[in-house]
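Given next are the chains, with one letter for each unit.
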Amino acid sequence: MDKFFVICTVEKDIGQVIECLKPFREMDLKVDHIETRPSRTQPDACFDVFVECAGPAGDVLVRQLVKRLQPLTSSVGTHLVPWYPKTISDLDLSCRDTVMYGAAELTEDHPGYGDVDYMERRKEIAQLAFMYKEGNPIPRVEYTKEELKTWAIVFKHQTSLYPTHACKEFNEQFPKMFAECGYSENSIPQLEDVSNYLKACTGFELRPVAGWISSRDFLAALAFRVFPCTQYIRHSSSPKYTPEPDLCHELMGHAPLLADPRFAQFTQDIGQVSLGLSDEWVEKLSTLYWFTVEFGMCWEGKSAKACGAGLLSSCEELEVCVSETSVYRDFNCSQAVSQKYPLTGLQPFYYVAKSFDDMQTQLRYVIRM
């Protein structure tokens, strides 16, 4: 349920405070919290009365409330806060609705379009995510020979490039996951095993989802150090390309750097900042996530190295992003939040940060904007 907030400025008189609260009762609004504090503009003469209300705040309702409050106050302002999870168990409500792909019908440009068996398999795996509840063990999937073959093609190709194309933090973490999580060319790690390992490293855990969830719901999960993951594999006809996140993307691209404390903190910070923000700012933070956690790069000496999961899990783009033809821009968080980008295909340029600490510092600056 959404919330909205009202801040009224009244004379420093208890009777005036009571009068400004009467419209809330008369309009039968559910008030969750009331607070008074010295006014920011007139601290000696006035109170700011802060009222938090639960429920949908339609334009008509808000206008009616403001109209009633205006004669009783020297100023009145309102702010709508969309619903967001307050506890980790609330993710059971927000992580089930997909906005793209998953068990839904695929678009014609998807490699799996028209493959009935492939769609049935996705629905079978998606059902495990729909049934999942926070705190339970993540259901294990017995992958088919065809899925294992697809994983092996991607795994062999990417691991040959990581030593020279991936950032040093990734190359520090990835080898550890062979022994701890069962990573290998011939076996697909289970989300539960990877999740337990990450939780021991940085407190992050994985959560199965049925497909692409909304930016707001995805970022909100990150705030609790929960990373939503798909469990299905890309179509076997196109092992080196997928237009959506799949298990190769999650486990080869994201998971290793979630074991790095600084990158994990940056990832969580983007999520925490998003809670309760407007749609406009959620979109900005989602864009920032795209240019850092998905397609970000970092300088190592004079060479740019991949740290974004979209690069680390892409057979083609991991090679392209470090080539002489790539276009680099110094990472600028203030610019990145408003930058347009293509959702599919190769990126036209890459933001390159000085370090993970540089990303963190710039994010904190934008938060204060």
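The present account deals with the structure reproduced in this document. (Residues numbered from 1 in each chain as written. Predicted model: local features only at pLDDT ≥ 70, side-chain atom pairs only at ≥ 80, totals over all residues. Heavy atoms only, no water.)

## Considerations on the packing of helix 5 (residues 145–165) against helix 10 (residues 247–258)
- Running from amino to carboxyl end, helix 5 crosses helix 10 at an angle of 25 degrees, the nearest separation of the two axes being 11 Å. Judged by the angle between their axes, helix 5 and helix 10 are roughly parallel. Helix 10 is crossed by helix 5, and the crossing has right-handed handedness. Residues Trp151, Val154, Phe155, Gln158 and Tyr162 of helix 5 lie in contact with helix 10, whose contacting residues are Leu247, Cys248, Leu251 and Met252. (Axes fitted to C-alpha atoms, helices over the stretch in contact; angles between N-to-C directions. Helix = DSSP H or I, 4+ residues; strand = E, 2+ residues; numbered from the N terminus. Parallel < 35°, antiparallel > 145°, perpendicular 65-115°, else oblique. Left-handed = near helix turned anticlockwise from the far one by under 90°. Contact = heavy atoms within 4.5 Å.)

## Notes on the nonpolar core
- Of all hydrophobic cores here, the largest spans 80 residues; its most connected members are Tyr183, Val194, Leu198, Leu206, Phe227, Leu251 and Ile270.
- Setting aside residues up to four positions removed in sequence, Phe227 forms contacts with Phe204, Glu205, Leu206, Arg207, Phe218, Leu222, Glu250, His254, Leu258 and Tyr289.
- With 14 residues, the next largest nonpolar core counts Val10, Phe24, Val49 and Val51 among its residues. (Core = buried A, V, L, I, M, F, W, Y, C linked by side-chain atoms within 4.5 Å. Buried < 20%, exposed > 50% of the residue type's maximum accessible area, 1.4 Å probe, protein only.)

## Here we look at the pattern of salt bridges
- The tally for this structure, following the rule as stated, stands at 17 salt bridges.
- Across the salt bridge formed by Arg37 and Glu35, the nearest N and O atoms sit 3.0 Å from each other.
- Notably, a salt bridge pairs Arg216 with Asp279, separated by 2.6 Å at the nearest N-O pair. Of this pair, Arg216 sits in helix 9 (residues 215–223) while Asp279 sits in helix 12 (residues 279–294), placing them 63 residues apart in sequence.
- Of the residues examined, Arg216 reaches a relative accessible area of 16% and is grouped as buried.
- Taken together, the salt bridges that share partners define one network made up of Lys168, Glu169, Arg262 and Asp357. (Salt bridge = Lys/Arg side-chain N within 4 Å of Asp/Glu carboxyl O.)

## With respect to helix 4 (residues 116–131)
- In this model, helix 4 (16 residues) spans 23 Å end to end at C-alpha, consistent with the 22 Å of a helix rising 1.5 Å per residue.
- Restricting attention to buried positions, one finds in helix 4 the residues Tyr118, Met119, Arg121, Arg122, Ile125, Ala126 and Ala129. For helix 4, the buried positions fall inside an angular range of 160 degrees around the axis, keeping them on one side. Exposed side of helix 4, more than 90 degrees from the buried face: Val116, Asp117 and Met131 are the residues found there.
- Check the buried side of helix 4 and you find it contacts helix 5 and strand 6 (205–208).
- Its side-chain oxygen placed 3.2 Å from the backbone nitrogen of Asp117, Asp115 serves as the N-cap of helix 4. (Expected span 1.5 Å × (residues − 1). Arc of directions from axis to C-beta. Polar contact = N/O pair within 3.5 Å; in protein donor to acceptor, adjacent residues only side chain to side chain.)

## So, the layout of surface pockets
- Of the volumes computed, that of the largest pocket is approximately 860 Å³.
- Elements represented by at least two residues in the lining of the largest pocket include exactly strand 5 (98–100), strand 7 (212–213), helix 9, strand 8 (226–229), helix 10 and helix 12.
- For the lining of the largest pocket, the element with the most residues is helix 12, which contributes 4 residues.
- Here the residues of the lining of the largest pocket are counted per class, giving 18 nonpolar, 13 polar and 7 charged. (1 Å grid on protein atoms, 1.4 Å probe; cavity = no way out; pocket = protein on both sides within 12 Å on 5 of 7 lines; lining within 4 Å. Points joined across faces, edges and corners; volume = space filled by probe spheres on them. Nonpolar A, V, L, I, M, F, W, Y, C, P; charged D, E, K, R; others polar.)

## Concerning the environment of Leu288
- If you trace the backbone, Leu288 turns up in helix 12.
- As a C-alpha pair, Leu288 and Val337 span 49 residues in sequence and 4.9 Å in three-dimensional space.
- Setting aside chain neighbours within four positions, we find Leu288 in contact with Ile270, Phe331, Cys333, Ala336, Val337 and Leu363.

## Remarks on the sheet that holds strand 12 (residues 350–353)
- Strand order across the open sheet formed by 4 strands is 10-9-12-11, with mixed pairing between neighbours. Each edge of the sheet is formed by a strand with only one pairing partner; in this case those strands are strand 10 (303–306) and strand 11 (328–330). Taking the axes of each pair of neighbouring strands and ignoring which way they run, one obtains an average angle of 45 degrees across the sheet.
- In this structure, strand 11 lies alongside strand 12, joined through 3 bridges in parallel fashion. Paired with Asp330 across the bridge in strand 12 is Val352. (Pairing = 2+ DSSP bridges.)

Take it as geometry only, folks, not as evidence of what the structure does.
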